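The lines below spell out each chain.
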Amino acid sequence: MQFLKCICNFAAKTDSMMSENLTGEAHRPGRIEVVCGSMFSGKTEELIRRMRRAKFARQRVEIFKPSIDVRYSEEDVVSHDQTHIPSTPLDSSASILLLSTDIDVVGIDEAQFFDMGLIDVCNELANRGVRVIVAGLDMDFKGVPFGPMPGLCAIADDVTKVHAICVRCGNLAYVSHRKVSDSRRVLLGETSEYEPLCRECYQKALQEDNEKPTSQP
């Protein structure tokens, strides 16, 4: 009898905790959350996880991504492990404001590819009471802060830095090293074009790149 009472009490506490958890999820104030890191670090997976959690809490959600990102899908946000969620591709950050009416949670993937106006857009949404979740590369392949990401990290209520694993030594990765010879800042690619490296291995890779013979015309 005592055992059954313990089981019932445990179940009641579990239900209460789940209810409080979802209630808290559904009543979060306007805020900006940034998930940043190198390629292959799980940024998009974390964005999708948070958006699905908000949707489970019966919130009105909308996800946006830059229209140039068509690596896996023209419309869905897709992670490297093929986890996906429907999204709306956009050419301009200003369109996010127009499409976020009556939305509780806004998700933005690959934010580094958006224009600098994204900073003001996210600020305005948060000031309206919208929860904004942004995922993007904090640095480009040269280790330079990328697009609006530094500004977003500065105004964010919460910043989560996620890490891939350095493919050369197994330490936490620092940056995405470009393996192909291409000087364009924006070059969509995967493991054939990029590799996550720690700071030490990245410096060695840069030295190796400089020592490679240049092709003659």
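Just so we're clear, the structure is a prediction, and the values are computed from it rather than from any experiment.

(A) Geometry of the pattern of salt bridges. Taken as a whole and assessed by the stated rule, the structure comprises eleven salt bridges. A salt bridge links Arg31 to Glu33, with the nearest nitrogen and oxygen atoms 2.9 Å apart. A salt bridge links Arg128 to Glu124, with the nearest nitrogen and oxygen atoms 3.0 Å apart. Look at Arg128 and you get partly exposed, because its relative accessible area is 47%.

(B) Examining the pairing of strand 1 (residues 31–37) more closely. Of all seven residues that make up strand 1, six are buried, and the element is covered over most of its length. In this sheet, strand 7 (residues 131–137) lies alongside strand 1 in parallel orientation, the contact comprising seven bridges. Bridge assignment links Val34 to a residue of strand 7, and that residue is Val134. One ladder, built from five bridges, connects strand 1 with strand 8 (residues 158–162); its direction is parallel. Each bridged residue has a counterpart across the sheet, and for Glu33 the counterpart in strand 8 is Asp158.

(C) How the structure looks around the nonpolar core. In terms of nonpolar packing, the biggest core is built from 24 residues, with Ile96, Ile108, Val134 and Leu152 touching the most fellow members. Among the elements that make up this core, the one with the highest residue count is helix 4 (residues 118–127) (six residues). The residues contacting Leu152, other than those within four sequence positions of it, are Val34, Ala111, Leu118, Ile119, Cys122 and Val134. Membership of the second largest hydrophobic core comes to eleven residues, among which are Ile48, Met51, Ala54 and Val105.

(D) Representation of the side chain of Ser93 within the structure. Topologically, Ser93 is positioned in the loop between strand 5 (88–90) and helix 3 (94–98). Residues contacting Ser93, with those up to four places away along its chain left out, are Phe114, Asp115, Gly117, Leu118 and Val121.

(E) The arrangement of the sheet that holds strand 1 in detail. Spatially, six strands are ordered 5-2-6-7-1-8 in an open sheet, and the strand pairing comes out parallel. Strands with a single pairing partner mark the edges of an open sheet, and in this sheet they are strand 5 and strand 8. The mean inter-strand angle of the sheet, taken between neighbouring strand axes irrespective of direction, is 20°. Of the strand pairs in this sheet, strand 2 (residues 61–66) and strand 6 (residues 105–108) are connected by four bridges, and their pairing is parallel. Bridge assignment links Ile63 to a residue of strand 6, and that residue is Gly107.

(F) Representation of the packing of aromatic side chains. Enumeration according to the criterion identifies two aromatic pairs in this entry. Between Phe113 and Phe146 the ring centres are 5.9 Å apart and the planes differ by 85°, which places this aromatic pair in the edge-to-face class. Of this pair, Phe113 sits in the loop between strand 6 and helix 4 while Phe146 is found in the loop between strand 7 and helix 5 (149–155), placing the two residues 33 residues apart along the sequence. The residues Phe113 and Phe146 share a single accessibility class, namely buried. For the ring pair Tyr174 and Tyr202, a centre distance of 6.4 Å and an interplane angle of 55° mean the geometry is tilted. Of this pair, Tyr174 sits in the loop between strand 8 and strand 9 (175–178) while Tyr202 sits in helix 6 (residues 199–211), and the two are 28 residues apart along the sequence. In this structure, Arg178 is placed above the aromatic ring of Phe141, and the distance from its NZ or CZ to the ring centre is 3.7 Å. Between the NZ or CZ atom of Arg199 and the centre of the ring of Tyr174, over which it lies, the distance is 4.1 Å.

(G) Representation of the confidence of the model for the protein. When pLDDT is averaged along the protein, the result is 84; 76% of the residues meet or exceed 70. This stretch, residues 16–20, has a pLDDT under 50; its non-local contacts, to residues over four places away or in other chains, come to zero contacts.

(H) Local environment of the environment of Asp158. Tracing the chain through its elements places Asp158 in strand 8. By relative accessible area, which is 31% here, Asp158 ends up partly exposed. It is 6.7 Å that separates the C-alpha atoms of Asp158 and Ile32, two residues lying 126 residues apart in sequence. Dropping the residues within four chain positions of it, Asp158 is found in contact with Arg31, Ile32, Glu33, Val34 and Arg50.

Scoring rules and cut-offs
- Residues numbered from 1 in each chain as written.
- Predicted model: local features only at pLDDT ≥ 70, side-chain atom pairs only at ≥ 80, totals over all residues.
- Heavy atoms only, no water.
- Salt bridge = Lys/Arg side-chain N within 4 Å of Asp/Glu carboxyl O.
- Buried < 20%, exposed > 50% of the residue type's maximum accessible area, 1.4 Å probe, protein only.
- Helix = DSSP H or I, 4+ residues; strand = E, 2+ residues; numbered from the N terminus.
- Pairing = 2+ DSSP bridges.
- Core = buried A, V, L, I, M, F, W, Y, C linked by side-chain atoms within 4.5 Å.
- Contact = heavy atoms within 4.5 Å.
- Axes fitted to C-alpha atoms, helices over the stretch in contact; angles between N-to-C directions.
- Phe/Tyr/Trp six-rings, centres within 6.5 Å; stacked < 30°, edge-to-face > 60°.
- Lys NZ or Arg CZ within 6 Å of the ring centre and 35° of its normal.
- pLDDT = per-residue confidence, 0-100.

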